[in-house]
Amino acid sequence: MSVLPSFEHLRPADLHEALDAISFDDPVYAGGTELLLAMRSGLLRPSSLIDIKRIPELDRIGQEDDDVVIGGTVSHAAATADPVVLSAAPVLPKVLAHVGNPRVRAFGTLGGNLCFAEPKSDVATILISLSADVELASKNGRRRLPVEDFIIGPYTTARNEGEILVSILIPPTADPMVYEKFQTMERPTVGVAARLLEDGSLRVVVGAVGGAPEPFDFSSVHEVNSGHIADRVEVIPDLTGSERYKRHVTRVVLGRTLAQLEGLA
Amino acid sequence: MNPVGVVTQVNGREIARSVPARMTLVEFLRDELGLTGTKVSCELQVCGVCTVLVDRKPVSSCAFLAVDIDGREVTTIEGVASDGKLHPIQQAFIDHFALQCGFCTPGFVMMAVALLEEVPQPTPEQVVSYLEGNICRCTGYRSILEAVLDAADRLERASP
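Keep in mind that what you see is a predicted model, and the values were worked out from it rather than measured.

1. Quick word on the layout of surface pockets
Okay, so step 1: Counted as a void, the second largest pocket has a volume near 770 Å³.
Okay, so step 2: Lining the second largest pocket are 30 residues, and of these A77, A78, R105 and A106 of chain A together with E118 of chain B lie nearest its centre.
Okay, so step 3: Among the elements of the structure, α3 (76-80) and α6 (102-107) of chain A together with β4 (57-60), α3 (105-118) and α4 (124-130) of chain B are those that each provide at least two residues to the lining of the second largest pocket.

2. Here's the deal with the side chain of S48 of chain A
All names here are of chain A.
Okay, so step 1: With respect to the secondary-structure elements, S48 resides in strand β3 (residues 48-51).
Okay, so step 2: Relative accessible area serves as the criterion here: at 6%, S48 is assigned to the buried category.
Okay, so step 3: Polar contacts involving the side chain of S48 include one to the side chain of D26, which spans 2.4 Å.
Okay, so step 4: Filtering out sequence-adjacent residues up to four positions away, S48 remains in contact with F7, E8, L10, D25, D26 and P27.

3. As for the pairing of strand β4 (residues 61-64) of chain A
All names here are of chain A.
Okay, so step 1: Relative to strand β5 (residues 67-71), β4 runs antiparallel, the two being bridged by 4 bridges. What sits directly across from E64, in β5, is D67.
Okay, so step 2: A loop of 2 residues connects β4 with β5, the two strands running antiparallel in sequence, and D65 in this loop sits at a positive phi of about 50°.

4. A closer look at the packing of aromatic side chains
Okay, so step 1: The full count for this structure, using the stated rule, is 3 aromatic pairs over all chains.
Okay, so step 2: Measuring from ring centre to ring centre gives 5.6 Å for F116 of chain A and Y155 of chain A, while their planes differ by 80°; the resulting arrangement is edge-to-face. Residue F116 of chain A is found in helix α7 (residues 110-116), and its partner Y155 of chain A is found in the loop between β8 (151-153) and β9 (156-157); the two are separated by 39 residues along the sequence.
Okay, so step 3: With relative accessibility at 24%, the residue F116 of chain A sits in the partly exposed group.
Okay, so step 4: On the numbers, 6.5 Å between centres and 65° between planes, the contact of F108 of chain B with Y141 of chain B is edge-to-face. Taken together, the positions of F108 of chain B in helix α3 and Y141 of chain B in helix α5 (residues 141-158) put the pair 33 residues apart, joining distant regions of the chain.
Okay, so step 5: Take F108 of chain B: its relative accessible area is 2%, and that puts it in the buried class.
Okay, so step 6: The ring of F107 of chain A carries the charged tip of K57 of chain B above its face, separated from the ring centre by 5.1 Å.

What counts as what
- Residues numbered from 1 in each chain as written.
- Chains lettered and ligands numbered in written order.
- Predicted model: local features only at pLDDT ≥ 70, side-chain atom pairs only at ≥ 80, totals over all residues.
- Heavy atoms only, no water.
- 1 Å grid on protein atoms, 1.4 Å probe; cavity = no way out; pocket = protein on both sides within 12 Å on 5 of 7 lines; lining within 4 Å.
- Points joined across faces, edges and corners; volume = space filled by probe spheres on them.
- Helix = DSSP H or I, 4+ residues; strand = E, 2+ residues; numbered from the N terminus.
- Buried < 20%, exposed > 50% of the residue type's maximum accessible area, 1.4 Å probe, protein only.
- Polar contact = N/O pair within 3.5 Å; in protein donor to acceptor, adjacent residues only side chain to side chain.
- Contact = heavy atoms within 4.5 Å.
- Pairing = 2+ DSSP bridges.
- Phe/Tyr/Trp six-rings, centres within 6.5 Å; stacked < 30°, edge-to-face > 60°.
- Lys NZ or Arg CZ within 6 Å of the ring centre and 35° of its normal.

So yeah, pure geometry; function would need other evidence.
Listed below in structure tokens is the structure:
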């Protein structure tokens, strides 16, 4: 008895081969934590899966110029345990340590998390607050764009057919940062990232309540009004709550986040 | 569809098979190898019942392809006891009555094995956090927590 539809499994040896093999019907396969579920539910019926997990250059964490570079197939658990990630963005391992459950973290990849663009992704929200970029490779070359522009909406990214997310690039920061979420099910109802920048300005990113994480910028901490953000943020009612409930919880979690940030600053 | 060659070790035993790409790991374990100790429930990676270890890391075998164990080693609940003697975690589950119907137990035991290898002396909060993705519908969580903490102590006493 098989629960998945049939497909071919291809294991390209390097990125070049992988780029030759992928197409809309032949998607990239890494951790599989979202893809296999989408296939089981009948949402996707790929003719083959292009398994990029064993391509060494995609599974590396390193430094390039000033940025920390996390390869597209690095797992949540590997990034959480990495000293380079910890020193460059101490908030990130704390967030990653609470994504999904230990099984999802052990095999689910950061690149896959972003490409799937699940609206309740903690990872997208914190990476936007870190001003992280993604690098995409295709047969025609590479391009780099902010995670904020990469995530377009629910399950929708700026990735074109034929492109593979090869790395996530994070500029190191010592800015005080806090991530708080409220969660009663497998995924958060709301996740809030707040960052106090060197010039005294503040960036708040609200995730999970709407279709994509939404950033709000303020010139100083004194200008932030949790109620105002909670009223303005895009909210989509779903199983984690009605619109009214989600706006309320957003305001509460924003309050907690900002109080914690004040303690750090 | 072309079958894929898989060479692996399951509970220390060398196994070479040809499997369809779409075969999940739990289908491979239960249907191909007859290892029915691993159960399946939610098939969404949220209940933890089907947990096994791949290269000592926990996975939901319901949402993991059998082709991905090629070159890796798998440990299932059948491979936890040794020499006819229960693993200290299994014994602690019995001593603390940490199971009622027992359906979730293989998954909890495998998660506990993975946790105690990573963190040999966890705090109660660490155990709760690690086991958050495992569901017991007989609501035996308190006794499961006690069993895992006690197993950590037993393992520490047993190691020189």
